[in-house]
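Structure at a glance
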Amino acid sequence: MKRLVFWLFASLTVLALVSCRPGPPESPTATVDSSIPTERPAPDSTPVALATLPATASATVGPAADAWTIVQKRGRLIIGTSADYPPFAFYDEAFELDGYDVALGRLLGERLGVEVEFKDMAFDGLGGALQVGQIDAAIAAISITDQRRGQMDFSNLYFASDGAALARAGDGIVIAGVEDLAPWRVAVQDGTVYETWLEESAVGMGLLPADNLLIYDDNAKAVEDLRAGFIDVIVADSLPLEVAAQDGSLAIAGRGLNRQRFAVAVTKGSTLLSPINEALFDLQTDGELVRLAERYLNLNQAEVQPLPPVESTPVPPEGAQSIAAGCIDAMTLIAHLSLDDDGMRTPPPVSPGTPFQKSWRIQNNGTCTWTSGYLLTPVGGNVPQAGMSGAATAIQGQVRPGESYDITVDLVSPLLPGVYQGFWSMRAPDGLLFGDRIWVGITVPAQPTPTPPATAAPSAGISFSANRTTIRSGECVQFIWQVTQAESVYFYAQGQIPEQNQVTASGERSECPPATMFYNLRVVSSDGTSDIRSIRIDVDPAPDTPFINSFTVTPNQQIVAGGCVDVRWRVSGDVTNILVTRNDTVLWNGAPLSGTSRDCPAVGEVVYAIEVTGPGGTSRSLENITVVEATPVPGRPTPTIPSNRLPVINSFIVVPNRISAGNCLTVSWSVSGNVSRVQLRRDNTLVLDFAVFSGNVTDCLSIEGSYVYRVDAFNAQGEVVSQQAVATVVR
């Protein structure tokens, strides 16, 4: 977890693991702001980590004035945080700062009698921001270490926790560290520090398969599933797990996991420390800290650990200095030069899949000179697609301390409609992020629905109907067909391959479309001619219902009797219950938000379904497979079960594949198997990242020519399977 490797040093700089790309067409200019009182280093000066400097090094920047008096005169406390670490700091759906640390900062301001201003900054750069006086204090889930205490002062603790692992008694499971979780199905609560820790330190590092991390919205349900054998281990705060183990059926399998000791950081010697400690004492005495834990950390009063006293700071050797020599990296956002979104209150519209540029004016308010080794790099957003195909952009020339600099990045708007906020940070040659986190905010408007394909003239031998043609998101439709004198019949959704969806001449099928789309019945006669009947299902959005991010069955379509499938799902939103079924059999009632289940169905037609219920309504999704006899039946080929290692692209289609300029087409895809990420490209330009596993988008094109669309499906090991489709735009 990055909070555990936080280098709050006087010389913080930035590095991101992305490649450099050329700067904007016009050469940027740097201008000097003489109001910043910094000592400029030599042009080749580079930042130095505090931990590497000798104890006798001296500082060039420090708190020369009475910090508390300055805050009182200003009437405002400037707090640095890093809003990429829920539940401590994050942006809510209204793009406002929220979280435990943000709420704590506001309470401190109230107790100190001053207003509070938050600066969202790169976590690694908070120390530099303190050193140059850009912020008065840092509240960002900062753990106290001896090394950090040598560089800055810390308040009394405001949060403490020790993680533990819970398993069934007698299973013999012992968890001493994250690497011991690898063989087990591990449950964690959504939105907790333990989810973030396991995503980064276990799944992200390849120690735990993604399928083995199951996300619950309620730890009590995880305990029930642990007893029932659905999962093997729960990782959470130790206190509630100890309560669950009291009946003897469960036992603590590990302690001291992801230890947390958080405090407010201020510059070494700051006079703010005493008033902050007094305010924290009052907040703790009044029960405010417990209420924050209940609101943001899903802990009740009995589960909140008592705050231990802060250990005394070791006395440094005589003559030693705690602040290192060398330059300090810091950056301040001056202005949005293009596409100003007014603090995300009015994100400007950008058409889907459109290349565009975003420019900012930033200022070097540190003491290091920026050179081409400094990059502005994307660092996330409100949704995965908010990266908008951006890549790191290098500083051109030199930007000395006190100078401002105009920088531009090249982006491509996502194809899906919505509001997007993508964040960017500066990074320096040594790899650390620093400065204000700046952003680009846009609105991608919805596109018109493409004209439906022409419907063939009615035929006496074909009947195809649906019980509903307009539904709310999450609802299902029943299709019924009856065909006479046909060689073969295929029922398939828009984007699916007809030949993989053969059905009997008479039948019915329930479908739950995630968006407005067409369903087709293709009838092939004995003479080789075919008729296609299409029914459009209009899906009205239901924004308050839970969202099914993905629901897949692997292998899909057909398996041989005796074989098994893996059912995978991930849902989000306000969820009260998740039900996973096979036909009329319940596989998992009260399933986690993200999980997997293996099932071995009997011969016949099998419908796997997920039903997600929340206060705003119910969402559903279905997957159909056929289980055939193990002994081949004459006239029916025995299917080959595909390998589970690689992703499977079930279908990828562009319709219509020929349009007039100014009109729209629909790109549809469906993937399954071992899939961790789906991307959609148009002429090698990334137009949709982290796409749903089965979906479609509308793309409106105004320039003549041929367009090559490609879907890329990646597994967790980085292996990719791709498929292309071509569309032509004419006058």
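Above: the structure in question.
The sections below set out a description of the structure shown in this document. (Residues numbered from 1 in each chain as written. Predicted model: local features only at pLDDT ≥ 70, side-chain atom pairs only at ≥ 80, totals over all residues. Heavy atoms only, no water.)

On to the state of the cysteines, then. One covalent bond between the sulfur atoms of two cysteine residues makes up a disulfide. Across all of its chains, the model carries four disulfides by this definition. Here Cys564 connects covalently by a disulfide to Cys600, the sulfurs 1.8 Å from one another. An S-S torsion of about 90° defines the bridge between Cys564 and Cys600 as right-handed. Highlighted residues: Cys564 in the loop between β29 (557-560) and β30 (565-572) and Cys600 in the loop between β33 (594-599) and β34 (604-614), separated in sequence by 36 residues. A residue is classified by how much of its surface remains accessible, and Cys600, at 44% relative accessible area, is partly exposed. (Disulfide = S-S within 2.5 Å. Helix = DSSP H or I, 4+ residues; strand = E, 2+ residues; numbered from the N terminus. Buried < 20%, exposed > 50% of the residue type's maximum accessible area, 1.4 Å probe, protein only.)

Moving on, we come to the sheet that holds strand β32 (residues 585-589). Within the open sheet, the five strands sit side by side as β29-β35-β34-β31-β32. Their pairing is mixed. Two strands bound the open sheet, and with one partner strand each, they are β29 and β32. Each strand axis lies, on average, 25° off the axis of its neighbour in the sheet, ignoring direction. Relative to strand β35 (residues 617-628), β34 is paired through eleven bridges, and the arrangement is antiparallel. Bridging from a neighbouring strand, Gly604 pairs with Val627 of β35. (Pairing = 2+ DSSP bridges. Axes fitted to C-alpha atoms, helices over the stretch in contact; angles between N-to-C directions.)

Cis geometry is adopted by the peptide bond preceding Pro555, which originates at Thr554 and carries an omega value of -5°. One can find Pro555 in the loop between β28 (547-554) and β29. With omega at -15°, the peptide bond leading from Val655 into Pro656 counts as cis. Along the chain, Pro656 falls in the loop between β36 (647-655) and β37 (658-660). Phi is positive for Ala141, close to 50°, though the residue is something other than glycine. On the secondary structure map, Ala141 appears in the loop between β7 (137-138) and α4 (146-149).

This part is about the packing of aromatic side chains. Applying the stated rule across the entire model yields 21 aromatic pairs. The interplanar angle of 15° and the centroid separation of 5.0 Å between the aromatic rings of Trp481 and Phe491 together place this pair among those described as stacked. Pair noted here: Trp481 is in strand β22 (residues 477-483) and Phe491 is in strand β23 (residues 488-493), with a separation of ten residues, a long-range link. Trp481 sits in the buried class, given a relative accessible area of 4%. (Phe/Tyr/Trp six-rings, centres within 6.5 Å; stacked < 30°, edge-to-face > 60°.)

This next bit is on the pattern of salt bridges. If you walk through the whole model with that rule in mind, you get 29 salt bridges. Note that Glu288 is salt-bridged to Arg291, the shortest N-O span being 3.5 Å. You can see Glu288 and its partner Arg291 sitting in helix α9 (residues 288-297), three residues apart, about one turn around the helix. The partly exposed category is assigned to Arg291, whose relative accessible area is 43%. The structure contains a network of salt bridges with shared partners spanning Asp162, Arg259 and Arg261. (Salt bridge = Lys/Arg side-chain N within 4 Å of Asp/Glu carboxyl O.)

Glancing now at the side chain of Arg437. Assignment of secondary structure puts Arg437 in strand β19 (residues 433-444). Polar contacts involving the side chain of Arg437 include one to the main-chain carbonyl oxygen of Ala83, which spans 3.4 Å. With residues up to four places along the chain from it excluded, the contact list for Arg437 reads Ala83, Asp84, Tyr91, Asp120, Met121, Ala122, Val379, Phe423, Trp424 and Ser425. (Polar contact = N/O pair within 3.5 Å; in protein donor to acceptor, adjacent residues only side chain to side chain. Contact = heavy atoms within 4.5 Å.)

With that out of the way, let us pick up the packing of helix α2 (residues 100-112) against helix α8 (residues 273-285). Contact geometry of α2 with α8 gives a least axis separation of 9 Å together with a crossing angle of 105°. With respect to their mutual orientation, α2 and α8 come out roughly perpendicular. From α2, Leu104, Leu107, Leu108, Arg111 and Leu112 reach across to α8, where they touch Pro275, Ile276, Ala279, Leu280, Asp282 and Leu283. For the contact of α2 with α8, a count of residues per class yields nine nonpolar, no polar and two charged. (Parallel < 35°, antiparallel > 145°, perpendicular 65-115°, else oblique. Nonpolar A, V, L, I, M, F, W, Y, C, P; charged D, E, K, R; others polar.)

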